[in-house]
Number of protein chains: 2
Amino acid sequence: MAASKRAVGVGLIGFGTIGSGVVRVLRDNAAEIEEKLGVPLVLAKIADLDLHSDRGVKVRKKLLTRDARELIADPAVDIVVELIGGLQPAKDFHLQALRAGKAVVSANKALLSEHGVELAHAAERASLSYGFEASVGGGIPIVRTLKEATAGDRNLEVYGIVNGTANYILSEMAAGAGKFSEVLARAQAMGLAEADPSYDIDGFDSQHKLVILVALAFGKRIKAKAVHVEGIREISGIDMAYAREFGYTIKLLAAARDTGDGVEARVHPAMVPNAHLLAQVSGPFNAVCVQGRALGPSVYYGQGAGSMPTATAVVADLMEAARALLGGTGPQLPPYGRKVSLLQRERVIAMAETSHEHYIRFLVVDEPGVLAMISTILAGEGISIATVSQHEKPLRGAVPVVIRTHKAKEAALKRALAKIARRKQCRALPVVIRVEESLGES
Amino acid sequence: MAASKRAVGVGLIGFGTIGSGVVRVLRDNAAEIEEKLGVPLVLAKIADLDLHSDRGVKVRKKLLTRDARELIADPAVDIVVELIGGLQPAKDFHLQALRAGKAVVSANKALLSEHGVELAHAAERASLSYGFEASVGGGIPIVRTLKEATAGDRNLEVYGIVNGTANYILSEMAAGAGKFSEVLARAQAMGLAEADPSYDIDGFDSQHKLVILVALAFGKRIKAKAVHVEGIREISGIDMAYAREFGYTIKLLAAARDTGDGVEARVHPAMVPNAHLLAQVSGPFNAVCVQGRALGPSVYYGQGAGSMPTATAVVADLMEAARALLGGTGPQLPPYGRKVSLLQRERVIAMAETSHEHYIRFLVVDEPGVLAMISTILAGEGISIATVSQHEKPLRGAVPVVIRTHKAKEAALKRALAKIARRKQCRALPVVIRVEESLGES
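## Quick look at the confidence of the model for chain A
Mean pLDDT over chain A: 95, with 99% of residues reaching 70 or higher. In the predicted assembly, ipTM is 0.96 and pTM is 0.97.

## Re the sheet that holds strand β2 (residues 41–47) of chain B
The pairing of strands in a sheet comes from backbone hydrogen bonds and takes either a parallel or an antiparallel form. All names here are of chain B. With respect to topology, six strands assemble into an open sheet ordered β3-β2-β1-β4-β5-β6, the strand pairing being parallel. Of all the strands in the sheet, just β3 (64–65) and β6 (130–131) have a single pairing partner and so form its edges. Pairing analysis gives two bridges linking strand β5 (residues 103–106) to β6, with the strands arranged parallel. Along β6, the bridge assignment pairs Val 104 with Tyr 130.

## With respect to the packing of helix α13 (residues 370–380) of chain B against helix α14 (residues 410–422) of chain B
All names here are of chain B. Taken N-terminus to C-terminus, the directions of α13 and α14 make an angle of 150 degrees; their axes are 9 Å apart at the nearest point. Here α13 is positioned roughly antiparallel relative to α14, judged by the angle of their axes. Helix-helix and strand crossings are classified by hand; for α13 and α14 the assignment is right-handed. Across the interface between the two elements, Met 373, Ile 374, Ile 377 and Leu 378 of α13 pack against Leu 413, Ala 416, Lys 419 and Ile 420 of α14. Looking at the contact of α13 with α14 residue by residue, the class counts come to seven nonpolar, no polar and one charged.

## Overview of unusual backbone geometry
Omega for the peptide link from Gln 88 of chain A to Pro 89 of chain A comes to 5 degrees, which places this bond in the cis form. Structurally, the position occupied by Pro 89 of chain A is in the loop between β4 (79–82) and α4 (90–99). Of note, the phi angle at Ser 127 of chain A is positive, near 55 degrees, even though the residue is not glycine. The exposure class assigned to Ser 127 of chain A is partly exposed, which follows from its relative accessible area of 40%. Even without glycine at this site, Arg 396 of chain B takes up a positive phi of about 45 degrees. Following the sequence through the fold, Arg 396 of chain B ends up in the loop between β16 (385–389) and β17 (398–405).

## Considerations on the pairing of strand β19 (residues 431–435) of chain A
Residue and element names in this part refer to chain A. Both strand β11 (residues 263–273) and β19 contribute to a ladder of two bridges, which runs parallel. By the bridge assignment, Ala 270 is partnered in β19 with Arg 434. As paired elements, strand β15 (residues 355–365) and β19 share five bridges and run antiparallel to each other. If you follow Ile 360 over to β19, its bridge partner there is Val 432.

What counts and how
- Residues numbered from 1 in each chain as written.
- Chains lettered and ligands numbered in written order.
- Predicted model: local features only at pLDDT ≥ 70, side-chain atom pairs only at ≥ 80, totals over all residues.
- Heavy atoms only, no water.
- pLDDT = per-residue confidence, 0-100.
- Pairing = 2+ DSSP bridges.
- Helix = DSSP H or I, 4+ residues; strand = E, 2+ residues; numbered from the N terminus.
- Axes fitted to C-alpha atoms, helices over the stretch in contact; angles between N-to-C directions.
- Parallel < 35°, antiparallel > 145°, perpendicular 65-115°, else oblique.
- Left-handed = near helix turned anticlockwise from the far one by under 90°.
- Contact = heavy atoms within 4.5 Å.
- Nonpolar A, V, L, I, M, F, W, Y, C, P; charged D, E, K, R; others polar.
- Buried < 20%, exposed > 50% of the residue type's maximum accessible area, 1.4 Å probe, protein only.

Rendered as structure tokens:
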């Protein structure tokens, strides 16, 4: 195949934001790409149900089809790019493409986190490239880095900010641009959040990405639904203000740790120390931190979403797939950096069994003995207090009391808070945000 | 070759800091590496002139030789790792290894910046891997990222902090740990700086690394000696204090920009805005920022030196070379991500022709008319002043006057400063540090 190939044909399923970015990058950099590959990377076909909306890029009419199956079967298509997202029919398209002997490139984190191993296995058996750099961190080459750069190291932790929408909202709130609902509405109006924002702001997008990162970083298969997930809807201005006072920034954190006896994997809002690079990641940017036994800490930062940045990740995968095709022997590296048969199923440690430092904000009546009550109950569960803060004036007889704990087991904290919440001095359910002083300390 | 290979043999030339790290990483992660490659990566031979010093790792005596040529010729050696640094005999070892049909992995930035293209060409013709991830940024996978991840994009700028020793010294000075000479002496005592520190602190190490980054990022060949270089010896506590006052951190910056009509490439101390991620890079850490037309800004951060971090980069290259060997068809990607014949020779724009914002500290007599004199001369050269600061008490009749300019051509500034320095009101040569407000704005 290598010798006869005069061009590598790309078929694009899904002509939305990322798809139009891919068309633009392939066009803008056609000469350089051809130079690097030795042959041109040609857009052979585009499939989308909507053939009429303006995507800001011109494509010849005859390239367009509403039938993805036709695109997959087209002999001019060597690599199928799937950008429609979701489980079905995306999964069928991946399998059909592989069965037809075509490499697959995708940004589909939901599909990858659910069926990635099965799909990668099909690609491996067929000796075809299966690229998903664009599924995590947009334009940040974190998939490649974990597959190749840290291949000889043992990764201990992988964590970061992997959802641009949530990070944009939290950054705006931290900058005083309004409360959650206001900032969300503005982000939706600007196209930075979906009409149904749940996938992003409730943490499911981060959850799916974390499953992919865990497979790449640790070589472990975990189930998405086993990953603890909390979103950012409950983050309020008052907690933002306390975070600032204590030297923290609130971020939606996705974090995993390979303990050697199960994987810790969680997605939730967290107070990140301002001295940590993650606290500096604002707006739609993403950053992923990797803690390696030999490498120590490293950080990868860039635009986590958006048409053009994500398109560069897709095109990088296209070029790698093209090289494997032109080389004639298929990819030298399997999709997960090791044979999928080597990916071990691993249990996710129940969140209740994990230990963290916590910020807890109580709203209590302003009377003697309340702090004694709280600290007695916490002590009863073995939870040790690091700092207490009570400096606001009472409002309708109630004051916020803010406590930071030393590391405490989630289960113990939950029991203590349930007890405290039942006391009549408690005027609202306590707000809890984990404090991340130990990131990267494995 | 692929089918018959039962192991891939590694020959190590140079058993120093990085070399012993490589031995340790190969040993610590042997099982995982073998799993990923399908065969073990075996340390077959080590060559060093000193066979007696304790490196903290045990190796069998029969692996050791003082003769690098014997190592290269050894049939058990498939990949030669050169870690002795310097131009010769390192260059001969690379060429001999390639002639003997062996892949080469190296951390030798001096050699790469001087003869990288010639050596990569030899590797290409022989269809052999030639890896130099460890030559820039220690354990940061910046070589890989520029070769693969940004392959479909057009890179506009590449810049960062690429020397850990200089960054450690500047970080310590900024933290108030003493003046340059004191901090340097301490760094030397701690093994963080060489006995002869010139290569690191005078900027030559960064200069060599920048040449490598320019080739990878822009596909352009430039000469190291054409890259403007200034070191950090002249940085004083007073300039550190002014930087802090103005919201900057002084860093040894290596920066290149592809203007489309020549490359701008320079190494010098610079005031970096505190809001920029580079300002947060402290101690021995490195960070490289890439500005892509489609990708936008991205940053790669990690330990820029040290035994174990740099060893992970070497081992990543070893695994890639092993895969190419086992695949039987050689590397799918040439050393610079494109054929070396495509690397264009490019001129480096003379520093005098480039424009920057500047911080200038004058020491002048405390009398009326001095500021008028300075601003008149600057204006005469077309240099526009952004801010003036004069708030210290005179000491022996002289006061510091600090001026920040808008963008001004280096040549014009040089002329103006020469005129000002000749005036009798001037008590010392003006100190100039470039202010980097436009990084990544291409």
